[in-house]
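Letter by letter, the chains look like this.
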Amino acid sequence: MSILGGAMENCDSAVYNFQAGGHSDAVQQALHIRGIIEEAAGMGNALIERTRDALNAAANLIG
């Protein structure tokens, strides 16, 4: 499991626990943090794809 995947699961657990305890402010904060983590994961995936494309282009130039 990736670090970001584990962090999202922790946020999900926090949301569940805070909802059970009636802590609506904490729920909103945990959901906001999860959104930031999801955005970071998306940017990481885009970076991986661009790096792969660049390496493929370099390999094509080499031969």
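About the thresholds
- Residues numbered from 1 in each chain as written.
- Predicted model: local features only at pLDDT ≥ 70, side-chain atom pairs only at ≥ 80, totals over all residues.
- Heavy atoms only, no water.
- Helix = DSSP H or I, 4+ residues; strand = E, 2+ residues; numbered from the N terminus.
- Expected span 1.5 Å × (residues − 1).
- Buried < 20%, exposed > 50% of the residue type's maximum accessible area, 1.4 Å probe, protein only.
- Contact = heavy atoms within 4.5 Å.
- Axes fitted to C-alpha atoms, helices over the stretch in contact; angles between N-to-C directions.
- Parallel < 35°, antiparallel > 145°, perpendicular 65-115°, else oblique.
- Left-handed = near helix turned anticlockwise from the far one by under 90°.
- Nonpolar A, V, L, I, M, F, W, Y, C, P; charged D, E, K, R; others polar.
- Salt bridge = Lys/Arg side-chain N within 4 Å of Asp/Glu carboxyl O.

### Details of helix α2 (residues 24-62)
With 39 residues, α2 should cover 57 Å at 1.5 Å per step; its first-to-last C-alpha distance of 57 Å lies within 8% of that length. If you check which residues of α2 are buried, you get Ala26, Val27, Ala30, Arg34, Ile37 and Ala41. Against the buried residues of α2 lie α1 (3-21). Once α2 ends, the next one or two residues include glycine 63, with phi positive near 145°.

### Thoughts on the packing of α1 against α2
It is the contact of α1 with α2, at a shortest axis distance of 9 Å, that shows an interaxial angle of 165°. With respect to α2, the axis of α1 lies roughly antiparallel. For the pair α1 and α2, the crossing hand works out as left-handed. In this structure, α1 contributes Leu4, Ala7, Met8, Cys11, Asp12, Ala14, Val15, Phe18 and Gln19 to the contact, and α2 contributes Ala26, Val27, Ala30, Leu31, Ile33, Arg34, Ile37, Glu38, Ala40 and Ala41. Here the residues of the contact of α1 with α2 are counted per class, giving 15 nonpolar, one polar and three charged.

### With respect to the pattern of salt bridges
For the coordinates displayed, the defined rule picks out two salt bridges. The shortest N-O distance in the salt bridge between aspartate 12 and arginine 34 comes to 2.5 Å. Taken together, the residues span a long stretch of sequence, with aspartate 12 in helix α1 and arginine 34 in helix α2 at a distance of 22 residues. Looking at arginine 34, the relative accessible area reads 19%, which means it is buried. When salt bridges that share partners are traced, they join Asp12, Arg34 and Glu38 into one network.

So yeah, pure geometry; function would need other evidence.
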